[in-house]
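Chain and residue survey
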Amino acid sequence: MAWHSGLAQGTRNRFGGLGSIIMLHRVRRDCISPLGVTRSLSITPKFLDEILASLRSEGTEFVSMDEMAERVKSGARRDRRFVAVTLDDGYNDNLNHAYPVFQKHSVPFTVYVAPGFIEGAAVLWWEVAEKLIAKAAYIKVPGGPEWRCSTLFQKRAAFHGLMRYFSYTLTELEQLPVLREMCAAADMMCGVTADQDVMTWKQLRQISADPLCTIGGHTVHHYNLKRLTAGMAAQEMRQSADMIGDELGKRPAHFAFPYGSAKAAGRREADIAAQEGFVSAVTTRHGTIHVEHHANLHALPRISINGRFQKLVYAQTMMSGVTTPIANAGRRVVQGG
Ligand SMILES: [Zn+2]
């Protein structure tokens, strides 16, 4: 709506700033989510193609995260705004479906990888939980709450209840063993590497050989860093970069905070990312990039392309920056809080 009214174009210079960092997760033809609850994490290759073509036709400059950081540091205002494309978690559809689209448009992109997913030391637990609840008529957390889940309505409520319980009641280290126990009770696989839709090291070597591709760190175990001690948080960041460096021959210079909301990444986490030598760190908080971010390179906002609304107008309106003050209650630069 805002885009059609011309509001987005009118406010572009005021709010749009230097450019945007786009956040994606999955890119696949059928955006299936058994309960519809993780639907927003997927977009189709066709929609990605449309977004990139549209941005290019508007004169957008696509940049790598290295170039993004240089531009923010230099602070030089340019006529053309930049877009840096990022994808979280290293799904294998990034290689199979997104990569050909990036190649077609010569668009640089960054994939944030958590080595634990690759080696089976961590699982995409929100996806496992969704599959588990889709299959079960009843679930019980060992020593915790239980939910009846025979109808779709109950299943969705159970999913959100379980998400809250895992995110805020269990510690980060308890999540995986508890989920494994629940899967075993339902006779379901959990955390088998082949069952996870993430790229293997071999596939990561293949995609990262292309100069268009940057690999970034995303912790080892996809932990919410705010819920760990400072020492553990630093170790998770450092170790993910070490493991990626060992496997791919290049240590990541960029980092993404798992979950990335204010509940998962604040000032302390931004400071640790800087101390650990990362050039930049991104959150999942909503916003466009401005010169003021030169002092906040380790708490950068992004624009999430939501798979529920795969319409060009929504993406354009968000990248114009017009939605940022709404999302952040009037503040243009989102500080690590
Ligand atoms: Zn993630």
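Keep in mind the model is a prediction, meaning the values are calculated, not measured.

The rules behind the values
- Residues numbered from 1 in each chain as written.
- Predicted model: local features only at pLDDT ≥ 70, side-chain atom pairs only at ≥ 80, totals over all residues.
- Heavy atoms only, no water.
- Helix = DSSP H or I, 4+ residues; strand = E, 2+ residues; numbered from the N terminus.
- Buried < 20%, exposed > 50% of the residue type's maximum accessible area, 1.4 Å probe, protein only.
- Contact = heavy atoms within 4.5 Å.
- Areas by Shrake-Rupley, 256 points an atom, 1.4 Å probe, with all protein chains shown as cover.
- Axes fitted to C-alpha atoms, helices over the stretch in contact; angles between N-to-C directions.
- Parallel < 35°, antiparallel > 145°, perpendicular 65-115°, else oblique.
- Left-handed = near helix turned anticlockwise from the far one by under 90°.
- Nonpolar A, V, L, I, M, F, W, Y, C, P; charged D, E, K, R; others polar.
- Donors = N, O, S within 2.8 Å, 3.2 Å for Na, K, Ca; no water.
- 1 Å grid on protein atoms, 1.4 Å probe; cavity = no way out; pocket = protein on both sides within 12 Å on 5 of 7 lines; lining within 4 Å.
- Points joined across faces, edges and corners; volume = space filled by probe spheres on them.
- Domains from an automatic or database assignment.
- Arc of directions from axis to C-beta.
- Pairing = 2+ DSSP bridges.
- Right-handed = clockwise from strand over helix to strand, strands pointing away.

**Let's talk about the overall build of the protein**
- From N to C terminus, the protein includes 13 helices and 12 strands.
- The buried share among the 337 residues of the protein stands at 58%.
- Taking the contacts inside the protein whose residues are at least 6 apart along the sequence as the reference set, 71% of them involve residues at least 24 apart.
- By element, 54% of the accessible surface of the protein is carried by carbon and sulfur atoms, the whole surface being about 14,200 Å².

**Looking at the packing of helix 10 (residues 230-248) against helix 11 (residues 267-275)**
- Relative to each other, helix 10 and helix 11 sit at 45°, their axes nearing to 10 Å. By the angle class used here, helix 10 and helix 11 are oblique. The way helix 10 lies across helix 11 gives a crossing that is right-handed. On the side of helix 10, the interface is formed by Ala-230, Ala-233, Ala-234 and Met-237, while helix 11 contributes Arg-268, Glu-269, Ile-272 and Ala-273.
- Residues belonging to the contact of helix 10 with helix 11 are distributed by class as follows: 6 nonpolar, no polar and 2 charged.

**Focus on the side chain of Ser-240**
- One can find Ser-240 in helix 10.
- For Ser-240, a relative accessible area of 0% puts it in the buried group.
- Other than its neighbours up to four places away in sequence, Ser-240 contacts Pro-115, Gly-217, His-218, Thr-219, Val-220 and Phe-255.

**Comments concerning the coordination of the zinc ion**
- With distances of 2.1 Å, the protein atoms coordinating the zinc ion are Asp-89 (OD), His-218 (NE2) and His-222 (NE2).
- Of the residues examined, Asp-89 reaches a relative accessible area of 4% and is grouped as buried.

**A word on the layout of surface pockets**
- A volume near 850 Å³ is recorded for the largest pocket.
- As for the largest pocket, its lining consists of 31 residues, of which His-25, Leu-41, Trp-126, Met-163 and Tyr-259 are closest to the centre.
- Every element with two or more residues in the lining of the largest pocket is listed here: strand 1 (19-24), helix 6 (125-135), helix 7 (152-169) and helix 8 (172-185).
- A total of 6 residues in the lining of the largest pocket trace back to one element, the largest contributor, which is helix 7.
- When the residues that make up the lining of the largest pocket are grouped by side-chain class, the tally is 13 nonpolar, 13 polar and 5 charged.
- Here the lining of the largest pocket gathers at least three residues from each of two domains, domain 1 (7-120 + 196-327) and domain 2 (125-185).

**Digging into helix 3 (residues 65-74)**
- For helix 3, the complete set of buried residues consists of Met-65, Met-68, Ala-69, Arg-71 and Val-72. One side of helix 3 carries all its buried residues, which in axial view fall inside an arc of 160°.
- Gly-75 occupies a position one or two residues after helix 3 and carries a positive phi of about 70°.

**Focus on the packing of helix 9 (residues 201-208) against helix 10**
- Where helix 9 meets helix 10, the axes come as close as 10 Å, and the angle between the chain directions of the two elements is 75°. The angle between helix 9 and helix 10 falls in the class roughly perpendicular. Counted together, Trp-201, Leu-204, Arg-205 and Ser-208 of helix 9 and Met-243, Ile-244, Glu-247 and Leu-248 of helix 10 form the full contact between these two elements.
- Residues of the contact of helix 9 with helix 10, tallied by class, amount to 5 nonpolar, 1 polar and 2 charged.

**Let's talk about the pairing of strand 6 (residues 109-113)**
- Counting buried positions over the 5 residues of strand 6 gives 5, a clear majority of the element.
- The two faces of strand 6 match: Phe-109, Val-111 and Val-113 on one face and Thr-110 and Tyr-112 on the other face are all buried.
- Bridge count for strand 5 (residues 82-88) against strand 6 is 4 bridges, and the pairing is parallel. Bridging from a neighbouring strand, Thr-86 pairs with Thr-110 of strand 6.
- After leaving strand 5, the chain enters helix 4 (residues 93-105) and then returns to the sheet as strand 6, a path that is right-handed.

**What to know about the pairing of strand 9 (residues 213-217)**
- With 5 of its 5 residues buried, strand 9 lies for the most part within the structure.
- Taking every second residue as pointing to the same face, both faces of strand 9 are buried, with Cys-213, Ile-215 and Gly-217 on one and Thr-214 and Gly-216 on the other.

The values are spatial; any link to function lies outside them.
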